[in-house]
Amino acid sequence: RQMCIRDSIWIQLRFLNGYLYARIGMREKFLNLTDDTRSHLIKSLMNQKILFQDTETVICTETDTPGITKADDILIQTNASIISAGTELSIWAGLESWAPLPTTPGYGSVGTVLEVGEAVDSVVPGDLIYTHGPHQKIALAKNCAQKVPESLDPQVAVFTRMAAVSITSVLGSN
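Residues numbered from 1 in each chain as written. Predicted model: local features only at pLDDT ≥ 70, side-chain atom pairs only at ≥ 80, totals over all residues. Heavy atoms only, no water.

Student: Got a minute to help me understand the sheet that holds strand S9 (residues 138-140) in this structure?
Tutor: Sheet strands associate in pairs through backbone hydrogen bonding, adopting either a parallel or an antiparallel arrangement. Strand order in the open sheet made by the 5 strands is S9-S6-S7-S8-S10, with antiparallel pairing throughout. Of all strands in the sheet, those with a lone pairing partner are S9 and strand S10 (146-147), marking the two edges. Note that strand S7 (residues 108-116) and strand S8 (residues 128-131) share 4 bridges and pair antiparallel. Within S8, the residue paired with Ser109 across the bridge is Thr131. (Pairing = 2+ DSSP bridges. Helix = DSSP H or I, 4+ residues; strand = E, 2+ residues; numbered from the N terminus.)

This is the structure in structure tokens:
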């Protein structure tokens, strides 16, 4: 289903493998939408996340779409996220006291910026960024927000997280 929002702005909604995807057309035009219109469009998107319910159950479930509440918040639509076999499997096994179950895991993600808080000037809606985010379709960026070059595939860029872990271990060995 495709609908015109304003001028030549359009949103295309489609189901694929049981998920609802929204694609916003004309990126330049999307950037020119009023904050209220952009916020309304974001809130109308169905949001889903991975949830470790207990040590035997992992589900994909609907969740509320977060909003900008702090001046330095960055809201993204996730394009790719990476799984840490060590950390996240330890969480699922119930071995990490800092992440009690149930919990939404997440290690690193790449996403398209949807909205930014008033203090954010390093990225704008439409930018592709790398962050430490949850396995969630629409989420707030955590800890960092690094622009990803347009020529770099998000499924490759997300491996930045694993490279950072490797470098941290080398630096910590001194």
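Student: Before we go on, may I ask you to explain the side chain of Asp73 in this structure?
Tutor: As for its placement among the helices and strands, Asp73 is situated in the loop between strand S5 (57-62) and strand S6 (74-82). For the buried Asp73, no salt bridge is present, and the opposite-charge side chain at shortest range is Lys70, 5.1 Å distant. A distance of 3.0 Å separates the side chain of Asp73 from the backbone nitrogen of Lys70, its partner in a polar contact. Aside from chain neighbours lying at most four places away, what touches Asp73 is Gly67, Ile68, Glu115, Val116, Gly117, Val120 and Leu140. (Buried < 20%, exposed > 50% of the residue type's maximum accessible area, 1.4 Å probe, protein only. Lys, Arg positive; Asp, Glu negative; His and termini not counted. Salt bridge = Lys/Arg side-chain N within 4 Å of Asp/Glu carboxyl O. Polar contact = N/O pair within 3.5 Å; in protein donor to acceptor, adjacent residues only side chain to side chain. Contact = heavy atoms within 4.5 Å.)

Student: Would you mind showing me how to read the pairing of S7 here?
Tutor: Side-chain positions along a regular strand alternate between the two faces of the sheet. Among the 9 residues of S7, 7 are classified as buried, and the element is accordingly described as predominantly covered. Where S6 lies against S7, 8 bridges are found, and the strand directions are antiparallel. Its bridge partner lying in S7, Thr78 is registered against Gly111.

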